Amino acid sequence: MATRTVAIFSLGGTIAMTTDPATGGVVPALSAHELLAAVPALRDLDVELRVHDFRRLPGASLGFDDLDALSDALAEAFRTGCDGAVVTQGTDTIEETAYLLDLRHPGEQPIVVTGAMRNPTLPGADGPANVHAAVIAAAAPELTGAGAVVVLGDEIHAARHVRKSHSTSPAAFTSPATGPLGGLYEGRVHLHGPLAPRTTFAGPSTGRAARVGLYTATLGDDGTLLAAMAEACDGLVIAAFGVGHVPEGFVGILERAATRIPVVLAGRIGNGPVLQGTYGFPGSERDLLSRGLIRAGHLDGYKARLLLHHLLGQGRSTAEIAASFGTEAH
Ligand code: ASP
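The structure reproduced in this document is the subject of the present report.

## Looking at the site of the ligand
(1) Moving on: Every residue lining the ligand is accounted for by G13, T14, M17, P58, G59, G90, T91, D92 and A116.
(2) Moving on: Interatomic distance of 2.9 Å between a backbone N/O atom of T14 and an oxygen atom of the ligand.
(3) Moving on: In the complex, the protein chains occlude 84% of the 260 Å² of accessible area that the ligand would expose alone.
(4) Moving on: Residue classes in the shell around the ligand are distributed as 3 nonpolar, 5 polar and 1 charged.

Laid out in structure tokens, this is it:
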């Protein structure tokens with residue numbers, strides 16, 4: 001009997017793609033069992049695998065319903081004795097799905113999300129090595145309490161910090177603000193330091209599908225499109241310039257929106273925080289925060305959108321949402 005048990009959920013993505021004779025392009029087609037069959041080295045690990053062929057979708061077509069179902073299935077796997085879990089999926093949305101899974105998982109068992117940058121028909125396809133590394137990571141006691149992590153290219157990244165930073169490179173995943181948590185060397189996990197404490201926001205959902213907009217500030221924008229988007233949203237994240245700055249013409253639109261819905265001030269850079277007390281001009285971080293916007297701190301716009309979506313789905317008030325961002329965004 002194996003010492004550790006790991007659940008595997010395959011969702012599709014490049015890692016599971018083969019050539020579609022109808023179009024000549026690659027599409028997600030491989031089952032979870034087919035993915036694992038390409039990694040004979042898994043048989044040498046002291047790990048029992050519980051395999052779930054969950055979805056066969058490109059990363060771009062995963063939705064909140066898929067993630068709700070996956071969170072429930074992961075919780076069930078952990079209830080029934082799995083020591084960790086691996087999720088294989090398209091790399092396009094890994095930085096988002098991993099963070100959402102992390103927010104919802106208060107347990108100690110690691111959830112390891114992986115994928116591939118080169119599909120199985122290409123020389124040097126990285127899927128098998130990534131699956132092998134992900135299973136080792138999911139079974140590793142060193143990752144107990146790590147929440148959701150992303151493993152690609154033998155690096156381990158915290159869900160909260162990881163970004164897809166290149167469109168094709170097998171080394172596409174980075175954690176710009178912190179670097180990786182650790183790596184895999186000769187089949188073992190090595191952490192570069194102690195795991196940081198993490199905040200989770202598990203709890204019942206109201207089932208309400210909140211619509212949260214993410215709007216990026218850009219040079220010369222007069223705010224017309226921002227105003228239209230704000231009208232259609234239950235919550236809004238503004239991905240601002242630099243440390244949290246927007247064109248002056250955005251100020252009234254954002255202030256009005258913040259009287260109706262939570263409006264979160266995040267940065268568009270993806271590395272470094274939104275500040276709170278340095279600049280004082282109209283459209284600066286001080287100005288916007290004084291008008292009721294909620295500071296995303298170190299969370300990038302994509303992750304701030306997911307946290308806001310999650311909290312709205314739990315029926316949280318704007319004051320509660322601001323408090324939660326205060327905890328998570330330090
Ligand atoms: N477009 C692909 C996807 O996310 C990319 C990948 O998996 O690497 O499904």
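This is not the end of the story, as more comes after the structure.
## Focus: the sheet that holds strand β5 (residues 84–88)
(1) Moving on: Taken in spatial order, the 8 strands of this open sheet run β4-β1-β5-β6-β7-β8-β11-β12, and their pairing is mixed. Edge positions in the sheet fall to β4 (47–57) and β12 (188–191), since each of these pairs with one other strand and no more. Across this sheet, the average inter-strand angle for adjacent strands is 25°, counted without regard to direction.
(2) Moving on: In this fold helix α2 (residues 64–79) packs onto β1 (4–12), β4, β5 and β6 (111–114), with an angle of close to 170° to the strand it touches most, β4.

## Some points on the nonpolar core
(1) Moving on: Formed by 46 residues in total, the largest nonpolar core has its most connected members in L70, L101 and F325.
(2) Moving on: Apart from the residues lying within four places of it in its own chain, the contact partners of L70 are F9, L11, F54, V87 and L101.

## Details of the packing of aromatic side chains
(1) Moving on: Inspection of every chain in the model, using the stated rule, returns 3 aromatic pairs.
(2) Moving on: Judged by centre distance (6.0 Å) and plane angle (70°), the rings of Y215 and F250 are edge-to-face. Here F250 lies in the loop between β14 (235–240) and α6 (251–258) and Y215 lies in strand β13 (residues 212–216), a separation of 35 residues in the sequence.
(3) Moving on: Given a relative accessible area of 0%, F250 falls into the buried group.

## Details of the environment of T174
(1) Moving on: Mapped onto the secondary structure, T174 falls in strand β10 (residues 173–174).
(2) Moving on: In this structure the C-alpha to C-alpha distance between T174 and V162, which are 12 residues apart in sequence, comes to 5.7 Å.
(3) Moving on: Those residues within four positions of T174 in sequence are excluded, and the remaining contacts are H157, H161, V162, R163 and S165.
(4) Moving on: A polar atom in the side chain of T174 sits 2.4 Å from the side chain of S165.

## So, helix α8 (residues 301–313)
What sets the pattern is the α-helix's 3.6 residues per turn: residues three or four places apart point alike.
(1) Moving on: Here α8 is 13 residues long and its end C-alpha atoms lie 18 Å apart, about the 18 Å a rise of 1.5 Å per residue gives.
(2) Moving on: The buried fraction of α8 amounts to 11 of the 13 residues, a majority that puts the element mostly inside the structure.
(3) Moving on: Regarding α8, the residues found buried are G301, K303, A304, L306, L307, L308, H309, H310, L311, L312 and G313.
(4) Moving on: The opening residue of α8, the one whose side-chain oxygen lies 3.0 Å from the backbone nitrogen of Y302, is D300.
(5) Moving on: Phi turns positive, to about 80°, at G315, one or two residues after α8.

## A few points about helix α4 (residues 127–139)
(1) Moving on: An ideal rise of 1.5 Å per residue puts 18 Å on 13 residues; α4 measures up with 18 Å between its terminal C-alpha atoms.
(2) Moving on: The element α4 is largely enclosed, with a buried count of 10 among its 13 residues.
(3) Moving on: All of the buried residues in α4 are G127, N130, V131, A133, A134, V135, I136, A137, A138 and A139.

What counts and what doesn't
Residues numbered from 1 in each chain as written. Predicted model: local features only at pLDDT ≥ 70, side-chain atom pairs only at ≥ 80, totals over all residues. Heavy atoms only, no water. Near = heavy atom within 4 Å. Polar contact = N/O pair within 3.5 Å; in protein donor to acceptor, adjacent residues only side chain to side chain. Areas by Shrake-Rupley, 256 points an atom, 1.4 Å probe, with all protein chains shown as cover. Nonpolar A, V, L, I, M, F, W, Y, C, P; charged D, E, K, R; others polar. Pairing = 2+ DSSP bridges. Helix = DSSP H or I, 4+ residues; strand = E, 2+ residues; numbered from the N terminus. Axes fitted to C-alpha atoms, helices over the stretch in contact; angles between N-to-C directions. Contact = heavy atoms within 4.5 Å. Core = buried A, V, L, I, M, F, W, Y, C linked by side-chain atoms within 4.5 Å. Buried < 20%, exposed > 50% of the residue type's maximum accessible area, 1.4 Å probe, protein only. Phe/Tyr/Trp six-rings, centres within 6.5 Å; stacked < 30°, edge-to-face > 60°. Expected span 1.5 Å × (residues − 1).

Read these as geometric descriptors, not functional statements.
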